[in-house]
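Understanding the architecture of this molecule
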Amino acid sequence: MNRTIITVVGKDTVGIIAKVCTYLAENDINILDISQTIVQEYFNMMMIVDMGKMKKSFENVADELAEIGKGMGVQIKTQREEIFDMMHRI
């Protein structure tokens, strides 16, 4: 399994979850866990996904998701799970 953390942060708009999930499905990326909250008008989503079956490179997917985010006015970051864990150790 190739677990990856995807975070989406920005002003809430219609279709954020739909666009991100559609992109993931089209690229054979399976959502393992998802959490989303809205605080006032700010949207925050964190996903754990399995990228083991995707055909594109990790870098290509990360860049494409970032571009999708720019188009919606949100920031999308994609990090490998092991790097995410190292960055968030206490």
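Provided above is the structure to which this section pertains.
Let us look at the structure shown here.

Thresholds, definitions, all that
Residues numbered from 1 in each chain as written. Predicted model: local features only at pLDDT ≥ 70, side-chain atom pairs only at ≥ 80, totals over all residues. Heavy atoms only, no water. Pairing = 2+ DSSP bridges. Helix = DSSP H or I, 4+ residues; strand = E, 2+ residues; numbered from the N terminus. Contact = heavy atoms within 4.5 Å.

Re the pairing of strand S1 (residues 3-11)
Relative to strand S3 (residues 42-50), S1 runs antiparallel, the two being bridged by nine bridges. The partner of Arg-3 across the bridge, within S3, is Asp-50. Bridging between S1 and strand S4 (residues 74-80) involves seven bridges; their strand directions are antiparallel. Paired with Val-9 across the bridge in S4 is Gln-75.

Comments concerning the environment of Ile-29
Mapped onto the elements, Ile-29 comes out in the loop between helix H1 (16-26) and strand S2 (30-39). Along the chain, Ile-29 and Tyr-42 lie 13 residues apart, while their C-alpha atoms are 26 Å from each other. Setting aside its immediate chain neighbours within four residues, Ile-29 contacts Leu-24, Val-49, Asp-50, Met-51, Met-54 and Val-61.

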